[in-house]
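# Structure assessment
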Amino acid sequence: MRNLAEGFRGLGTILLAAALVTAACGDDDSVADDAGDVPNETEAGADGDADVGPDADADADADVEVGPDADADGDDGGPPPVRYNETSPLGTNLNGISDWSTEWPFVDAFKVSRAWISGEDGGAWDDGRALDLDEHGWLRSLLPGQVARTLMFWDDGAVAPAGRCVVLYDGTGTMEYWSGARRDAGASSPGRDVLDFDPTAGGIGINVTAVDPSDPLRNIRVLMPGGACSDDPHRWCADDGGCAAGTCVPFEDRYPTEPFHPTFLERTRTYRVIRFMDWMATNNSPIREWSERAEPDDARWSLEAGVPVETMVDLCNRLQADPWFTIPHQASDDFVRRFATVVRDRLAPGLRAWVEYSNEVWNGIFDQAGWARDRGRAAGLGPSDYEAQLQFYSRRAVQVFALWEEVFGGTDRLVRVMASQAANSWVSEQVLSFEGADGPSDVLAIAPYFGGYLGGPDERARVAAMTVEALAAELAATALPDAVSWMASQADVASTFGVELVAYEGGQHLAGHSGVENDDTINALFDAVNRDPRMGELYGDYLDAWRSAGGRYFAHFVNCAGWSKWGRWGALEYLTQPRAESPKFDALQSFLETNPRWW
């Protein structure tokens, strides 16, 4: 279950705006939106996660073109394709992997499926019994009367692509499909089921009702409808008519070597930096040792281990974008070295690895903050609890940087990220000055969201009475200038310490909290202003101000996510949303098209 904090991106930025050296960072308001007992689950934070940001200079001009089809070492032997992010000053955060996400990054939808649910055949949806799983999460056997359930495209607003899905599997067992999926018996054969998928009737539900323990059902792949054009790996097609010159290659024929959905590639290819905080399930991560990592052969990547590092690097090689990693706060030195080694060996030439220790360790709404505070106090840091927390973060971040430098044999291909609270430049001064941390840091990263104060209880009555026009005016007159002032203050700190200023997250922050998230009037207003052309104009002014303040890479939060009462984080609400219908996405694209990197 995600923490409520993950639903409202930068709330900590607002709550801590006036933090003193002894300030606590906030309460951990978890939400009982568990929904494990019902088929539809939309948790707080399903649409986003906490603030952390992209890159700075760090040899920004050393760009070797690497094709989308590049292999692990970046050398695919063919001519490099067009590089869509060649001069882009923007990055993006990707949405967390879940069965309700509208981002659909993978051709194999099973990778985003919900964790197995143990139920009764014809009885309880969730009976709480343990399931017999192997080390990769595949079923080995079932108890008498036990059913294992999972879901895909659940509660996503019926925006998933309709059509024919192919389900491939190994082993022996029985799968039943339900909700929006129907098996075509005539087109199916052992090891290969064909489904007719109608998202307007619901998502894809699978019940496994029988498993042969001597040949367990495993390696289930649910391949999405359609394919990609042979002449353009970023173009989805239903048939040859959807391609300009080439042919439509079905996903079934290309998924082993081309695992990413072409529309996902097309919608992310203009960003120069890809931040993987949510793909790594960074917030509150329990990961400590390398043996606990996500692996490519895992049944799904929607669990607490996140997405494998190999997959993240593969995506960036294809996009020719720098990967931004957020190392789990409890990760051992051995984990860090092994993670860095995979990146070193697989990342394409000319790309740099952005390295950040955890995410928003300054922000008390996440477990990593308390963990750092406790270890800081145990180490005699301080003098206050909060200073001990910041100092431990700074020290451990530098240690993590050193491990990556050791593995990479230097810093030429690294960007070392020291993150801070946008609204409080004092925090930046503390983490950069402690034990000379500015020396091994390349960038100071902040998340200068705007409008977060409008989602609080103190503003509830005033906001509820606003029109879209009035709210847009409030954002322009008050919220945006507040964020711009933070940019200027943080730019001064970055200049003082000789590092670059970047944004690990940012954008609008219209999300109710502390009860306001349940106000239907305010939710409708926040939705409406995010869809209004004036939001695009605000984004244009906001990004112009970032450039004027001296900021460099800006990683928006988040690329694509369905909106809910927990926030409107997605620049795109769903992956195929037309640019003209998304003011935020259009503004981001317009900015990078008219503002090539200015440094």
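Everything here concerns the structure above.
Presented here is an overview of the structure given in this document. (Residues numbered from 1 in each chain as written. Predicted model: local features only at pLDDT ≥ 70, side-chain atom pairs only at ≥ 80, totals over all residues. Heavy atoms only, no water.)

### What about the overall build of the chain?
Rule in force here: Where helices and strands are cited, they refer to DSSP runs of H or I of at least four residues and of E of at least two residues respectively, numbered from the N terminus. For every residue, the accessible area (1.4 Å probe, protein chains only) is compared with the maximum for its type, and the residue is labelled buried under 20%, exposed over 50%, or partly exposed between those bounds. When checking whether two residues touch, look at their non-hydrogen atoms; a contact exists if any pair is within 4.5 Å.
Counting its regular elements, the chain contains 13 helices and 21 strands. Split into buried and exposed, the 599 residues of the chain put 61% on the buried side. In the chain, the proportion of contacts linking residues at least 24 apart, taken out of those at least 6 apart, comes to 77%.

### A look at the state of the cysteines
Counted only if it meets this: Working definition: a disulfide is two cysteine sulfur atoms within 2.5 Å of each other.
Going through the model one piece at a time under the given rule, you end up with two disulfides. Disulfide pairing is shown between Cys 229 and Cys 243; the S-S distance is 2.1 Å. One quick way to see it: the torsion about the S-S bond of Cys 229 and Cys 243 is about -95°, and its sign makes the bridge left-handed. In this pair, Cys 229 is assigned in strand β12 (residues 227-229) and Cys 243 in the loop between β13 (232-237) and β14 (248-250), connecting sequence segments 14 residues apart. This pair shows no difference in class: Cys 229 is buried, exactly as Cys 243 is. Here the bonded cysteines of the chain are numbered in sequence order, and their pairing is 1-3, 2-4.

### Here we look at unusual backbone geometry
The step from Gly 382 to Pro 383 runs through a cis peptide bond, and the omega angle for that step is 20°. With respect to the element layout, Pro 383 can be found in the loop between α6 (367-378) and α7 (385-408). The step from Phe 557 to Val 558 runs through a cis peptide bond, and the omega angle for that step is 10°. Inspection of the secondary structure assignment puts Val 558 in the loop between β21 (554-556) and α13 (583-594). A positive phi angle is found at Ser 358, which is not glycine, with a value near 60°. Considering the arrangement of structural elements, one finds Ser 358 in the loop between β17 (353-357) and α6.

### Details of the layout of surface pockets
The line we're drawing: Cavities and pockets are found on a 1 Å grid laid over the protein atoms alone: a cavity is a set of points where a 1.4 Å probe fits but cannot escape, a pocket is an open set with protein on both sides within 12 Å along at least five of seven lines, and a lining residue has an atom within 4 Å of such a point. Grid points are joined across faces, edges and corners, and a volume is the space filled by probe spheres set on the points. Charged means Asp, Glu, Lys or Arg here, nonpolar means Ala, Val, Leu, Ile, Met, Phe, Trp, Tyr, Cys or Pro, and polar covers whatever is left, Gly included.
As a volume, the second largest pocket reaches approximately 540 Å³. Residue lining of the second largest pocket: 23 residues in total, with Lys 111, Pro 259, Pro 296, Asp 297 and Trp 301 positioned closest to the centre. Of all the elements in the fold, those that place two or more residues in the lining of the second largest pocket are β11 (218-223) and α4 (309-319). Here the lining of the second largest pocket is composed, by residue class, of eleven nonpolar, three polar and nine charged.

### Some details on α7
Spelled out, the test is: Here a helix's expected span is defined as the number of its residues, less one, multiplied by 1.5 Å.
Taking 1.5 Å as the rise per residue, α7 with 24 residues should run 34 Å; its terminal C-alpha atoms sit 35 Å apart, in good agreement. Across the 24 residues that make up α7, a large majority, 17, are buried. Directly after α7, the chain includes Gly 409, whose backbone phi takes a positive value near 70°.

### Details of the packing of aromatic side chains
Worth spelling out the cut-off: Stacked, tilted and edge-to-face are the three classes applied to pairs of Phe, Tyr and Trp rings, where Trp contributes its six-membered ring and a pair requires centres within 6.5 Å; stacked means planes under 30 degrees apart, edge-to-face means over 60, and tilted covers the rest.
Within this structure, the stated rule accounts for 32 aromatic pairs. Summarising the aromatic geometry, the rings of Phe 339 and Trp 404 are spaced 6.0 Å apart at their centres and angled 55° between planes, so their arrangement reads as tilted. Of this pair, Phe 339 sits in helix α5 (residues 333-346) while Trp 404 is found in helix α7, placing the two residues 65 residues apart along the sequence. Each member of the pair, Phe 339 as well as Trp 404, is classed as buried. Aromatic side chains Tyr 357 and Tyr 393 sit 6.0 Å apart centroid to centroid with 20° between the ring planes, which places their arrangement in the stacked category. Within this pair, whereas Tyr 357 is found in strand β17, its partner Tyr 393 is found in helix α7, the two being separated by 36 residues in sequence.

### Digging into the packing of helix α8 (residues 425-433) against helix α10 (residues 468-497)
Stated precisely, the cut-off is as follows: In this description, a line fitted to the C-alpha atoms serves as the axis of each element, helices being fitted only across the stretch in contact, and the angle between N-to-C directions of two axes falls anywhere from 0 to 180 degrees. If an angle is under 35 degrees, it is roughly parallel; if it is over 145, roughly antiparallel; if it lies from 65 to 115, roughly perpendicular; otherwise it is oblique. Here a crossing is taken to be left-handed if its near helix is turned anticlockwise relative to the far helix by less than a right angle, and right-handed if that turn runs clockwise.
Where α8 meets α10, the closest approach of the two axes is 9 Å, and the angle between their N-to-C directions is 15°. Between α8 and α10, the angle falls in the class roughly parallel. Crossing hand, α8 versus α10: right-handed. Contacts between α8 and α10 pair Ser 425, Ser 428, Glu 429, Leu 432 and Ser 433 from the former with Ser 489, Gln 490, Val 493 and Phe 497 from the latter. Residues of the contact of α8 with α10, tallied by class, amount to three nonpolar, five polar and one charged.

### Regarding the side chain of Asn 595
Quick reminder of the rule: Two N or O atoms count as a polar contact when they lie within 3.5 Å, although within protein this holds only if one can serve as hydrogen donor and the other as acceptor, and sequence-adjacent residues are included solely when both atoms are side-chain atoms.
Along the chain, Asn 595 turns up in the segment after α13. Polar side-chain contacts of Asn 595 include one of 2.8 Å to the side chain of Arg 547. Beyond its immediate stretch of four places on either side in the chain, Asn 595 contacts Thr 87, Pro 89 and Arg 547.

### Details of the nonpolar core
Rules: Residues belong to a common nonpolar core when they are buried Ala, Val, Leu, Ile, Met, Phe, Trp, Tyr or Cys residues joined through side-chain atoms within 4.5 Å.
By size, the foremost hydrophobic cluster in this structure holds 165 residues, and its most contacted members are Ile 220, Phe 276, Trp 279, Phe 325, Phe 339, Val 343 and Trp 404. Contacts of Phe 276, omitting those with residues within four sequence positions, involve Leu 94, Met 312, Leu 315, Cys 316, Pro 323, Trp 324, Phe 325 and Thr 326.

### Here we look at the environment of Pro 440
Here Pro 440 lies in the loop between α8 and β19 (443-446). The class for Pro 440 is buried, based on a relative accessible area of 18%. Remark: the alpha-carbon pair of Pro 440 and Phe 401, spanning 39 residues in sequence, is separated by 7.4 Å. When neighbours within four sequence positions are excluded, Pro 440 is seen to be in contact with Val 398, Phe 401 and Arg 416.

### With respect to the sheet that holds strand β8 (residues 181-183)
Condition: Two strands are counted as paired when DSSP detects at least two bridges linking them.
Here we have four strands laid out as an open sheet, ordered β8-β9-β6-β11, and antiparallel in their pairing. With partners counted over all chains shown, the strands left at the sheet margins are β8 and β11, one partner each. Pairwise comparison of adjacent strand axes, ignoring direction, gives a mean angle of 25° for this sheet. Of the strand pairs in this sheet, strand β6 (residues 163-170) and β11 are connected by four bridges, and their pairing is antiparallel. What sits directly across from Val 166, in β11, is Leu 223.

### Notes on the sheet that holds β14
Reading across from one edge, β13-β12-β14 is the order of the three strands in this open sheet, with antiparallel pairing throughout. Two strands in the sheet have a free side with no partner beyond their single neighbour: β13 and β14. Averaged over all pairs of adjacent strands, the angle between strand axes in this sheet comes to 40°, irrespective of strand direction. Direction of pairing for β12 relative to β14: antiparallel, over a ladder of three bridges. Across the sheet, Gly 227 pairs through a bridge with Pro 250, a residue of β14.

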